[in-house]
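# Survey of secondary and tertiary structure
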Amino acid sequence: MSDIRTVGIIGAGTMGNGIAQACAVSGLKVVMVDIQEAAVQKGLATIAGSLDRLLKKDKISAADKDAALARIQGSTDYDDLKGAELVIEAATENLELKIKILRQLDSLLAPETLVATNTSSISITQLAAVTGRADRFIGMHFFNPVPMMALVEIIRGLQTSDATHDAVRDLALRLGKTPITVKNSPGFVVNRILVPMINEAFFVLAEGLASPEDIDAGMKLGCNHPIGPLALADMIGLDVCLAVMNVYFAEFNDSKYRPCPLLKEMVAAGYLGRKTGRGVYTYA
């Protein structure tokens, strides 16, 4: 399998531009594609701002910053992805949209090109099945913010070849990330453990065992977590936490994934966390 020198990225949003930055800083050429020019420009501006912050902290030099930006090509044309050895789809977490993009890529890319999807919940096996390159398809779950977070979950679909896995794992290492290899299953590893923990924190809160502040303090000080589960839920969005629990409940058909009634009630009230100014906690 050929060395990966150019990475195509579909989506210039939070995840897409973060992946683009990580690749460019590591010396790879990047083609970042989005459907609207405004989105592409916003993504490029976000990368420039992020690199500026690293420059101010002496994490990179001015020459490093300029070189990284020079390696990124923004585009609204899928044809510009043809030269990439790997294309990472980082569009919104929506099954129909991802399938549409993957089918579009199939007819465009050379047969040997690898395709990865950055997803936190959608089945890699299911997505691979709609492509003509199921053995060369894999999941790469980056964590937000991509430039700072060390982990990449590399998710093998049933069809993913060893060569594809090894090439993508090597790329993750080249980006300075720590990859873990995961089989395809709802929530993969991190979210499979994390979101039910958040759900359990809501059960503890609903039962009146402790105040939100004390629940969060207990997990921070007793388990060395940097943020408590309820504050984390507010940051993620209570609606997102509920949606993930609903997927687990449906997919595993196991009552241990039953969403907490208090979580459902708060979502129904529109108390979704930081983004609405109110969740478990109130934000000014």
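Being a predicted model, the structure only gives us computed values, none of them experimental.

### Description of helix H8 (residues 212-223)
With 12 residues, H8 should reach 16 Å at 1.5 Å per residue; the first-to-last C-alpha distance of 16 Å fits that figure. Among all positions of H8, only Pro212, Ile215 and Asp216 are buried. The buried residues of H8 occupy an angular sector of 95° when the element is viewed end-on, so they sit on one face. Counted as exposed and oriented over 90 degrees from the buried face of H8: Asp214, Leu221 and Gly222. The inward-facing, buried residues of H8 contact helix H7 (190-206) and helix H9 (229-236).

### Some points on the domain arrangement of the protein chain
How big an interface is tends to be stated in terms of the accessible area lost upon association of its parts. According to the domain assignment, the protein chain contains domain 1 (6-183) and domain 2 (192-274). Computed over C-alpha atoms only, the centres of domain 1 and domain 2 are separated by 30 Å.

### Thoughts on the pattern of salt bridges
What the rule picks out here adds up to 9 salt bridges. Its salt-bridge partner being Lys98, residue Glu89 comes within 2.6 Å of it at the nearest N-O pair. Lys98 sits in the buried class, given a relative accessible area of 0%. The salt bridge partner of Arg156 is Asp162, with a shortest N-O separation of 2.7 Å. Overall, Arg156 belongs to the partly exposed group, its relative accessible area being 23%. Members of the salt-bridge network, linked through shared partners, are Glu89, Glu93 and Lys98.

### As for the sheet that holds strand E4 (residues 86-89)
Either a parallel or an antiparallel arrangement is found when strands of a sheet pair, and the pairing is made through backbone hydrogen bonds. If you trace the 8 strands from one edge of the open sheet to the other, you get E3-E2-E1-E4-E5-E6-E7-E8, paired in mixed fashion. Edge positions in the sheet fall to strand E3 (72-75) and strand E8 (178-183), since each of these pairs with one other strand and no more. For this sheet, the mean angle separating the axes of adjacent strands, direction not counted, is 25°.

### Overview of the packing of aromatic side chains
Tallied over the full model, the rule gives 3 aromatic pairs. Relative to Tyr257, the ring of Tyr248 has its centre 5.7 Å away and its plane inclined at 70°; by these criteria the two rings are edge-to-face. On the accessibility criterion, Tyr257 (4% relative accessible area) is buried. An aromatic cluster of at least three residues, connected via ring pairs, comprises Tyr248, Phe252 and Tyr257.

### Quick word on the pairing of strand E2 (residues 29-33)
In terms of burial, E2 is a largely internal element, 4 of the 5 residues being buried. As judged from the 5 bridges shared by strand E1 (residues 6-10) and E2, these two strands associate in the parallel manner. Note that in E2 the partner of Ile9 across the bridge is Met32. The parallel pair E1 and E2 is bridged by helix H1 (residues 14-25), and the resulting crossover is right-handed. Of the strand pairs in this sheet, E2 and E3 are connected by 4 bridges, and their pairing is parallel. Looking across to E3, one finds that Val33 is bridged to Ser75.

### Remarks on the UniProt feature "domain: 3-hydroxyacyl-CoA dehydrogenase NAD binding" (unreviewed entry) in the protein chain
With numbering aligned to this structure, UniProt lists the feature "domain: 3-hydroxyacyl-CoA dehydrogenase NAD binding" (unreviewed entry) at residues 6-184. For residues 6-184, helix accounts for 41% and strand for 22%, while the C-alpha atoms at its two ends are 26 Å apart.

What counts, and where the lines are drawn
- Residues numbered from 1 in each chain as written.
- Predicted model: local features only at pLDDT ≥ 70, side-chain atom pairs only at ≥ 80, totals over all residues.
- Heavy atoms only, no water.
- Helix = DSSP H or I, 4+ residues; strand = E, 2+ residues; numbered from the N terminus.
- Expected span 1.5 Å × (residues − 1).
- Buried < 20%, exposed > 50% of the residue type's maximum accessible area, 1.4 Å probe, protein only.
- Arc of directions from axis to C-beta.
- Contact = heavy atoms within 4.5 Å.
- Domains from an automatic or database assignment.
- Salt bridge = Lys/Arg side-chain N within 4 Å of Asp/Glu carboxyl O.
- Pairing = 2+ DSSP bridges.
- Axes fitted to C-alpha atoms, helices over the stretch in contact; angles between N-to-C directions.
- Phe/Tyr/Trp six-rings, centres within 6.5 Å; stacked < 30°, edge-to-face > 60°.
- Right-handed = clockwise from strand over helix to strand, strands pointing away.
- UniProt positions renumbered as here; feature names shortened; annotations may be inferred.

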